[in-house]
Amino acid sequence: MTQMLETKSLEFAYDSGMKFKFPDIFCDKNSPLLILGNSGSGKTTFLNILALLKTPYQGEVLFSGKNALLLNENEIPTFRAKNIGMIFQKPYFVNSLNVLDNLTIANYLAKAKIDKPKAIKLADSLGIGELLNKKVTELSGGEQQRVCIARALMNTPSVILADEPTSALDDTNCEKVISLLEEQAKEANAALIIVTHDQRLKNRIPNQILL
Ligand SMILES: Nc1ncnc2c1ncn2[C@@H]1O[C@H](COP(=O)(O)OP(=O)(O)OP(=O)(O)O)[C@@H](O)[C@H]1O
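Note that this is a predicted model, so its numbers are computed, not measured.

## What about the site of the ligand?
For the ligand, the set of nearby residues contains 14 residues, the closest of which are Ser39, Gly40, Lys43, Thr44 and Thr45. In this structure, tyrosine 14 approaches the ligand through a side-chain N or O atom, which is 3.3 Å from a nitrogen atom. Protein coverage of the free-state accessible area of the ligand, which is 640 Å², stands at 62%. Ranked by residues supplied to the shell around the ligand, first place goes to helix α1 (residues 43-50) with three residues. Of the residues assigned to the shell around the ligand, the class counts are three nonpolar, nine polar and two charged.

Quick look at the structure:
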């Protein structure tokens with residue numbers, strides 16, 4: 001069976017000379033994958049390579065069997081916007097826009113039709129439906145995080161990548177966020193990869209890889 005996301009022999013180096021050799025991963029839509037590792041072990045670097053935000057000097061990143069590293073530079077932003085939902089460690093938004101526009105901007109970046117009904121549906125399912133007309137700067141940290149999750153799902157990505165989505169949360173909210181991510185990935189039929197050093201997620205997601 002072709003895995004939704006698979007990597008082969010990835011090696012990356014920062015300009016400083018720091019080098020990383022990453023283990024091969026396999027992830028399909030029915031089995032979320034947890035990437036664990038100590039601080040500084042390269043988890044965010046690895047996630048950025050999977051999101052095609054950093055380019056390794058060796059190896060392959062295969063989406064449904066096709067090596068995305070062979071795409072040309074102009075194709076990558078649209079490919080990323082269409083296929084990858086990224087939830088960053090620190091949310092980034094267009095602060096001058098309201099929540100609804102911060103969601104539909106994902107359609108714009110994927111060169112897709114602006115889908116307001118989908119934004120409303122996702123916001124409702126994440127409990128932020130009442131906040132769509134608010135500025136993102138007026139939201140709490142937890143609300144902003146849910147906007148990030150909704151935005152990551154706007155183009156029904158085949159892969160969802162989440163960087164430390166629970167590390168800053170108490171147990172109750174940790175459970176809420178991880179349940180949301182699992183549910184939403186299932187609903188969108190997407191593979192889910194979570195990078196973390198949060199021990200609480202270990203019991204929850206058996207499919208794990210250690211960097
Ligand atoms: N732009 C950069 N240039 C040079 N070195 C970098 C750069 N970004 C990260 N590094 C270094 O690469 C190593 C891995 O960083 P990375 O952020 O991937 O680790 P991490 O496992 O996600 O860490 P944490 O759990 O603390 O977030 C660190 O030693 C970091 O200092």
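Having seen the model, we can carry on.
## Let's talk about unusual backbone geometry
Of note, the phi angle at threonine 156 is positive, near 45°, even though the residue is not glycine. Residue position: threonine 156 is located in the loop between α5 (141-153) and β8 (159-163). Among the residues examined, threonine 156 registers a relative accessible area of 41% and is labelled partly exposed. Although it is not a glycine, asparagine 189 adopts a positive phi angle of roughly 60°.

## Considerations on the UniProt feature "domain: ABC transporter" (unreviewed entry) in the protein
When the UniProt feature table is mapped to this numbering, "domain: ABC transporter" (unreviewed entry) covers residues 5-211. Taken end to end, residues 5-211 comprises 33% helix and 21% strand; its first and last C-alpha atoms sit 17 Å apart.

## Description of the layout of surface pockets
Any empty space left between the atoms is revealed when a probe the size of a water molecule rolls over them. In this structure, the largest pocket spans a volume of roughly 390 Å³. When residues in the lining of the largest pocket are grouped by element, the largest group, four residues, is from helix α3 (residues 99-109). Residues that form the lining of the largest pocket fall into these classes: 15 nonpolar, three polar and two charged.

## Some thoughts on the packing of aromatic side chains
Inspection of the entire model under this criterion finds six aromatic pairs. Seen from their ring centres, phenylalanine 12 and tyrosine 14 are 4.8 Å apart, and the 85° between their planes marks the pair as edge-to-face. With a relative accessible area of 28%, tyrosine 14 lands in the partly exposed category. Judged by centre distance (6.1 Å) and plane angle (85°), the ring pair of tyrosine 14 and phenylalanine 20 falls under edge-to-face. By relative accessible area, phenylalanine 20 is classed as buried at 11%. The rings of Phe12, Tyr14, Phe20, Phe22 and Phe46 are connected pair by pair, giving a single aromatic cluster.

## As for the pattern of salt bridges
One pass over the structure, following the stated rule, counts four salt bridges. Where aspartate 171 meets arginine 200, a salt bridge forms, and the shortest distance between an N and an O atom there is 2.7 Å. On the criterion of sequence distance, the pair formed by aspartate 171 in helix α6 (residues 171-188) and arginine 200 in the loop between β9 (191-196) and β10 (208-210) is long-range, its members being 29 residues apart. According to the relative accessible area criterion, arginine 200 is partly exposed, its value standing at 30%. A salt bridge links glutamate 182 to arginine 204; the shortest N-O distance between them is 2.6 Å. Placement of glutamate 182 in helix α6 and of arginine 204 in the loop between β9 and β10 is noted, with a sequence separation of 22 residues between them. The class of arginine 204 is partly exposed, set by a relative accessible area of 29%. A cluster of three or more residues bridged by salt bridges with shared partners is formed by Asp171, Asp198 and Arg200.

What counts, and where the lines are drawn
- Residues numbered from 1 in each chain as written.
- Predicted model: local features only at pLDDT ≥ 70, side-chain atom pairs only at ≥ 80, totals over all residues.
- Heavy atoms only, no water.
- Near = heavy atom within 4 Å.
- Polar contact = N/O pair within 3.5 Å; in protein donor to acceptor, adjacent residues only side chain to side chain.
- Areas by Shrake-Rupley, 256 points an atom, 1.4 Å probe, with all protein chains shown as cover.
- Helix = DSSP H or I, 4+ residues; strand = E, 2+ residues; numbered from the N terminus.
- Nonpolar A, V, L, I, M, F, W, Y, C, P; charged D, E, K, R; others polar.
- Buried < 20%, exposed > 50% of the residue type's maximum accessible area, 1.4 Å probe, protein only.
- UniProt positions renumbered as here; feature names shortened; annotations may be inferred.
- 1 Å grid on protein atoms, 1.4 Å probe; cavity = no way out; pocket = protein on both sides within 12 Å on 5 of 7 lines; lining within 4 Å.
- Points joined across faces, edges and corners; volume = space filled by probe spheres on them.
- Phe/Tyr/Trp six-rings, centres within 6.5 Å; stacked < 30°, edge-to-face > 60°.
- Salt bridge = Lys/Arg side-chain N within 4 Å of Asp/Glu carboxyl O.

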